[in-house]
Protein chains: 2
Amino acid sequence: MLRPNMHYKELKDSYLFYNIAQKTKAYLEAHPGTHLYRMGIGDVSLPLCDAVIRALHEGVDDQAHQASFHGYMPECGAPFLREVIAAHYRKRGIMISEEEVFVSGGASDELGDILDLFDKESSALIMEPAYPAYVDANVIAGRKIIHLSAGEWNGFLPEPCQEAAEAGLIYICSPNNPTGASFSREQLAQWVSFANETGAVILFDAAYEAFIEDETIPHSIFEIKGAGTCAIEICSLSKTAGFTGTRLGYTVIPETLERNGMNFREMWVRNRTTKTNGISYILQKGGAAVFSEEGQRQIRENIRYYKENAAVLMKALDSLGIWYCGGKNAPYIWMKCPEGMGSWDFFDHLLNEIQVVGTPGEGFGSCGEGYFRFSTFGDREETKEAAKRLIGLFG
Amino acid sequence: MLRPNMHYKELKDSYLFYNIAQKTKAYLEAHPGTHLYRMGIGDVSLPLCDAVIRALHEGVDDQAHQASFHGYMPECGAPFLREVIAAHYRKRGIMISEEEVFVSGGASDELGDILDLFDKESSALIMEPAYPAYVDANVIAGRKIIHLSAGEWNGFLPEPCQEAAEAGLIYICSPNNPTGASFSREQLAQWVSFANETGAVILFDAAYEAFIEDETIPHSIFEIKGAGTCAIEICSLSKTAGFTGTRLGYTVIPETLERNGMNFREMWVRNRTTKTNGISYILQKGGAAVFSEEGQRQIRENIRYYKENAAVLMKALDSLGIWYCGGKNAPYIWMKCPEGMGSWDFFDHLLNEIQVVGTPGEGFGSCGEGYFRFSTFGDREETKEAAKRLIGLFG
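Anyway, here's the lowdown on the structure attached to this text. Everything numeric in this text was worked out from a predicted model, so none of it was measured.

1. Examining the relation of the copies chain A and chain B
In step 1: Superposition of chain A onto chain B requires a rotation of 180° combined with a translation of 0.0 Å along the rotation axis, giving an RMSD of 0.0 Å. This pairing of chains is accounted for by a two-fold axis. Judged by C-alpha distance, H57 of chain A is the residue of chain A that lies nearest the rotation axis, at 3.1 Å.

Printed below as a string of structure tokens:
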């Protein structure tokens, strides 16, 4: 008799995006023809840049002819892509080798898969508010979860503390989704020292690093001394280069990362050679173009567009005197709901009064109650109008 | 302190393809300029068909313009692809809905990921010789493995037996890799009845179904009555349509598959929405073209080419009176090494005497000792020459 993985019963249903969709639908049914300003979606809106499109077409053409056809790709990634990613790190002064870089089908996929490396008895520390999949993937694995609440008192950037000491895994997402808050070099160094002391391993989600402006904010945890013995970095081209629907990511596991005499980089090679047949040649061709000089210039243009959206919203919130974090080094703005409103009350209020849709903070963990997330991935004119309407409502 | 998943220590290193590469390299160093006839590789050699190439280019073009740009795809697959796959099944008389179809990044990826659905205490039955990843993925998960040996006495097609009764998971790959042997409808029906009686779940690997010629061999386990309550089918476009390096697969989980009150289809929806952000829009566009009338016609042409390679090799073995299975309904031919030779002795003999490279059966499990696998995915002229040389050596 096969027994299912009964941990699925412990998963809480997430109604966040479902509820948003239902409320939005009901509003549109009651007010036909009304235009909504959608500032809630965490998906990009600009198309892929020219350099990437060209490389993808070339990749497809290669698959059309026997002489250039690519069959099975190396499971850990194509050497041509691993090389340019390692070189990209080295340009920033981080000395990693291509053997420490693994190509993935995307950061969310990798965040799920990589849990295979760790014993089920090791607990996971999750700083909330957080991307809900951090919790759910560990519930599925049957792992104990330590919830660490963040709040305005620490700028949504928790410090190491007693309850974190028993954690095996420590999730850090910086710049953060949903709060946009980003750890400074000093703050991150505290976590690295802490992990090296307790023997924990940090899973560093760097999906939003391309949005960092401030030089005091590290793009990579490997900018911090000591991270090579306590961290795995999971990266994505989704927000960096608009790959949300094209899919590609990469992971860095330093060869110096070991516990109990086991080397995690070697374990991951073994895992990938067992559990995948590699990532599409076509997508890896496209991904490599992101790291070319032309690709880097073009993706910066797209990121600049989103950052100008962020500036529009931040200016509005500044003028209203509303507390927020994020926006400067991140594509998300995390604001305090005015007048002590709850997350969902505020959602209803914005929808009904000014037809603006955002994301209630409570959906990212209970300590997100009373806060609200705006995404800056939308259209410029829509963002401007939403900002204007916010000022009209609360000004 | 993080504890690694110590089950990795229980993995045996697989030296199969490494040893083949080393021996081949040594031979070429000793005999510079010699041409080798490579009949060992399980990778396709023909490029993608026109219909797929066109669809992939269209997919790339869609990602170049804001109006047609696709961001995050639905985690379980694009409706346009799930629909054509479900329709493809219905054309064969198998009534499944698109909700029962999941798009994957490839069968090997899915075979690893799907183990998340099952309790670690449930054992896995693996019929050997077998694709080595079946064993290794379950070792990583800490699952007990029941090895069921096949041999010439049962045509490499084991029947249900006492030792299988305690299995939670039953792996069936038909047509089989490496043996090419394929279960008849009656034989598969025995396994389906058995699984329904014992409460096991069959993981049916249908990666080679497109090579079936014989009408008595089922393409899908869902052709068998009762499979809807005991089977998951994992499919691939790798061999069907030459997607080994392009990557795309699909999985069917019937909504009637339940154990302990848990519905596996619903669990897999929850898993995918937690642990992936879907499969590349571009690849799904290309995949959908495989199921078009034009695509089906074109992939049949490629498959015919490989099947003609198989015919060349089978004719040679027939003329030599060498026992083999596979070839007719599968892209692999599994032959008995002549004159009682061991797998690796035979490998060395072919390499040294006629410069033909194949795969020693011992690499797929100890009961593969004394057998040898030829792949039919190579070039026609090379295959003909290899066949001629085999006849010259043993005729």
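So, next bit.
2. Observations concerning the pattern of salt bridges
In step 1: A full pass over the atoms with the stated rule returns 38 salt bridges over all chains.
In step 2: Linking R270 of chain B and D13 of chain A is a salt bridge whose minimum nitrogen-to-oxygen distance equals 3.9 Å. Of the two residues, R270 of chain B is situated in helix α7 (residues 264-275) and D13 of chain A in the segment before α1 (16-30); the pairing between them involves two chains.
In step 3: By relative accessible area, D13 of chain A is classed as exposed at 52%.
In step 4: E166 of chain A is the salt-bridge partner of K144 of chain A, the closest N and O atoms lying 3.1 Å from each other. Here E166 of chain A lies in the loop between β4 (145-149) and β5 (169-173) and K144 of chain A lies in the loop between α5 (132-140) and β4, a separation of 22 residues in the sequence.
In step 5: The network of salt bridges with shared partners includes D13 and D136 of chain A together with R270 of chain B.

3. Digging into helix α1 (residues 16-30) of chain B
Residue and element names in this part refer to chain B.
In step 1: The terminal C-alpha atoms of α1 lie 21 Å apart, and with 15 residues this matches the ideal 21 Å at 1.5 Å per residue to within 8%.
In step 2: Residues L16, I20, T24 and Y27 constitute the buried set of α1. Buried residues of α1, viewed axially, fall in a sector of 60°; they line one side. Exposed side of α1, more than 90 degrees from the buried face: E29 and A30 are the residues found there.

4. Description of the nonpolar core
In step 1: Counting 285 residues, the largest nonpolar core has W191 and I202 of chain A together with W191 and I202 of chain B as the members making the most contacts within it.
In step 2: Other than its neighbours up to four places away in sequence, W191 of chain A contacts L125, M127, L148, P158, E159, P160, A164, I170, I172, F183 and I202 of chain A.

5. What about the packing of helix α9 (residues 293-320) of chain A against helix α11 (residues 380-394) of chain A?
Residues and elements named next belong to chain A.
In step 1: Where α9 meets α11, the axes come as close as 9 Å, and the angle between the chain directions of the two elements is 5°. Of the possible angle classes, the one that applies to α9 and α11 is roughly parallel. Of the residues in α11, those touching α9 at Y305, E308, N309, V312, L313, A316, L317, S319 and L320 are R380, T383, K384, A387, L390, I391 and F394.
In step 2: Of the residues assigned to the contact of α9 with α11, the class counts are 10 nonpolar, three polar and three charged.

What counts, and at which threshold
The residue numbering used here restarts from 1 in each chain and proceeds along that chain's sequence as written. Each chain gets a letter, beginning with A, and each ligand a number, beginning with 1, in the order they are written. Under the rules for a predicted model, residues below a pLDDT of 70 receive no local features and side-chain atom pairs below 80 are neither given nor counted, while totals for whole chains, interfaces and linings still include all residues. As a convention, hydrogens and water are excluded, and side-chain values are obtained from all of the structure's heavy atoms. For the least-squares superposition of copies, only C-alpha atoms count, and only for residues with pLDDT at least 70 in both. The term salt bridge refers to a side-chain nitrogen of Lys or Arg lying within 4 Å of a carboxyl oxygen of Asp or Glu. Secondary structure is summarised from DSSP: a helix means a run of H or I of at least four residues, a strand means a run of E of at least two, and numbering begins at the N terminus for each. A simple rule labels every residue: compare its accessible area, found with a 1.4 Å probe on the protein chains alone, to the largest value its type can have, and call it buried under 20%, exposed over 50%, or partly exposed in between. Helices are assigned an expected span. That span is 1.5 Å times one less than the residue count. Picture the helix axis, draw a direction to every C-beta atom, and the arc is the one those directions span. In this text, buried Ala, Val, Leu, Ile, Met, Phe, Trp, Tyr and Cys residues form a nonpolar core when linked through side-chain atoms within 4.5 Å. It only takes one pair of heavy atoms within 4.5 Å for two residues to be counted as in contact. What counts as an axis is a line fitted to C-alpha atoms, over the stretch in contact for a helix, and the angles between N-to-C directions run from 0 to 180 degrees. Every angle not falling under 35 degrees, over 145, or within 65 to 115 is termed oblique; those three ranges are roughly parallel, roughly antiparallel and roughly perpendicular. Residue polarity follows a fixed list, in which Ala, Val, Leu, Ile, Met, Phe, Trp, Tyr, Cys and Pro are nonpolar, Asp, Glu, Lys and Arg are charged, and the others, Gly among them, are polar.

Treat this as a map of the structure, not an account of what it does.
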